[in-house]
Structure formats: structure tokens, C-alpha cells
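Listed here are the chains, written in short residue letters.
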Amino acid sequence: MTDLSHSRRDYDSEGIDSATMPAAPWEQVSAWVTEAIAVAESTPQHDEPTAVSVATVDAEGAPNVRTVLARFLDDRGPGFVSSRHSAKAAELATNPRIALAYTWPHLFRAIRFRGVAEAIASDELQTYWATRPYGSQIAAWASRQSHPIESRAALEAEVARWGARFPEGSAEGVPMPEDFCGWRVSADEVEFWAGRRSRLHDRIVYTRVGDGTLADPESWRVTRRQP
Ligand SMILES: Cc1cc2nc3c(=O)[nH]c(=O)nc-3n(C[C@H](O)[C@H](O)[C@H](O)COP(=O)(O)O)c2cc1C
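Predicted, not measured: the structure shown is a model, and the values here were computed from it. (Residues numbered from 1 in each chain as written. Predicted model: local features only at pLDDT ≥ 70, side-chain atom pairs only at ≥ 80, totals over all residues. Heavy atoms only, no water.)

Caption draft 1: Summary view of the site of the ligand. R66, T67, V68, L69, V81, S82, S86, A87, K88, Q145 and S146 make up every residue found near the ligand. Contact distances for the ligand include 2.6 Å between an oxygen atom and a side-chain N or O atom of S146. Compared with its free state, where it exposes 620 Å², the ligand has 63% of that area covered by protein. Taken atom by atom, the bulk of the ligand overlaps the largest pocket. Only β2 (63-74), β3 (77-83) and α2 (87-94) provide two or more residues apiece to the shell around the ligand. Considering every element that reaches the shell around the ligand, the biggest residue donor is β2, with four residues. Here the residues of the shell around the ligand sort into four nonpolar, five polar and two charged. (Near = heavy atom within 4 Å. Polar contact = N/O pair within 3.5 Å; in protein donor to acceptor, adjacent residues only side chain to side chain. Areas by Shrake-Rupley, 256 points an atom, 1.4 Å probe, with all protein chains shown as cover. 1 Å grid on protein atoms, 1.4 Å probe; cavity = no way out; pocket = protein on both sides within 12 Å on 5 of 7 lines; lining within 4 Å. Sits in = over half its atoms within 2 Å of the grid points. Helix = DSSP H or I, 4+ residues; strand = E, 2+ residues; numbered from the N terminus. Nonpolar A, V, L, I, M, F, W, Y, C, P; charged D, E, K, R; others polar.)

Caption draft 2: Structural context of α2. What α2 keeps buried is the set K88, A89, E91 and L92. Looking down the long axis of α2, one finds its buried residues gathered within 165 degrees of arc, a one-sided arrangement. Along α2, exposed side chains directed more than 90 degrees from the buried face belong to A93 and T94. On its buried face, α2 is in contact with β1 (51-57), β2, β3, β4 (97-104), β5 (109-119) and β6 (180-194). (Buried < 20%, exposed > 50% of the residue type's maximum accessible area, 1.4 Å probe, protein only. Arc of directions from axis to C-beta. Contact = heavy atoms within 4.5 Å.)

What follows is the structure in C-alpha cells.
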């Protein structure tokens, strides 16, 4: 047994209050993500500030969760890229409901989004694809994500095969594979969590009441939830 009972760190953020928060969640989302990135850049051990947990459900309603990197963020919601071969793709095709959480324990902060997944448009994906390093582009061709493979050697053979097909430094570059895809979370609930002393944390929740973006003050109702 691993004894975890000694984990007794008290959280001590400055806290949040609806009275001083914007009427719509976007400004706060943007501020916290920007701050988490800035902190990560000055403290290398916190090096993936845009890592998020993404939850979906399968056809039987069983939940699934995995970590991805949020690669898109604007007032339509956070987005990420993946593969159409993946388990998450199959699950979202059956049920587009999705939850996504940023967690920054060292900042005593988290943001949760609940809503539906919307496919990211091909032109946005292409723009992102062009920023990917060569090795990551070849990996996307080589991996049939979430499917079994007999060995690491077999995976590396696929990498070599696709590397030969699209050589590094060629003028044409590496095209984006058909199965490369992405989703954005169109949220109907956004929760900001700020850790406070003695587990009396602050939770400020924005609930959708209109059709606007995360930046539209008419589209959100703000409430405080108990910790
Ligand atoms: C820090 C971190 C970042 C990751 N980033 C991505 C990503 O951006 N996209 C992705 O598809 N998988 C990413 N993964 C791998 C996923 O966690 C997961 O293994 C993969 O997407 C398959 O999930 P699925 O079988 O539930 O579809 C990342 C994993 C970690 C730990």
C-alpha cells in the first residue's frame, strides 16, 4: 500500500469573487492561461501549462479521460488536435458531450469546461499543422492512434516508412494526414477554482444563458458554489 495520508498541503491563493470578475468568462480564462504560461516559462519544472484533461463517454456511457495539449484558445473555447483513429474520436462521434480541465496545482488554480465538442475547421488545422516539427508530422502519419501494435520496433518501422515517403527538408513539406483532426469545446458551463486555506476554496461558475461566445456578457449567469 502507498500511504498518501501525509499529503496535507494547504492551498493559499488570493481567491476569486464574482463581484470582481468579468460578466463573461473569457477575460478570466485568457488571464489565467497567460499567467500559467508565463510562470511555466520562468520555472521549467512546470513545463506543460496548456496540458488539459479531456473527458468523453463511450457508447455505453462509460467515461474516459486523457491528457492532451490545448493548441487553440479563443472566445469560442479551448481546442486540441488528435487523430480520427483514436478512442476519443469514436466516442465523440457517438456522443459529442465533452469536459475539459486545466489544472495548475502550483498556482492553486483550475478551470473546468463542460459542453459539446465541435470539429476544428480544416484551415485552422492546416495553420497549426504547419507549426509542427517534422518529427511530430511524421509521427502523425506513422501512428494509428489508440489501435494495438505488436512492438515498438513495428512503430519505428512505420516512422521510417513515412519518413522515406516524405523526406525531411523537401520543398513540398509533409502534408497533413486525412485522419489529423481537432475539436474545440463549446462550453455551457465554465468553472474557476481557486484553492484557499483549510479547504475553503473559491468556486465561481459561469452558466450559459444565451448563444454568445465566452466573451459575451449577455450569455452567462455567474454563481458561487460551495467548495
Ligand atoms: C502531456 C501530454 C500531452 C498529450 N498531448 C496529446 C495531444 O495533444 N493530442 C493527443 O491526441 N494525445 C495527446 N496525448 C496522449 C493522450 O493522453 C492519449 O494517450 C491519446 O490521445 C489517446 O487517447 P484515446 O485513446 O483516449 O483517444 C498527450 C499525453 C500527455 C501526457
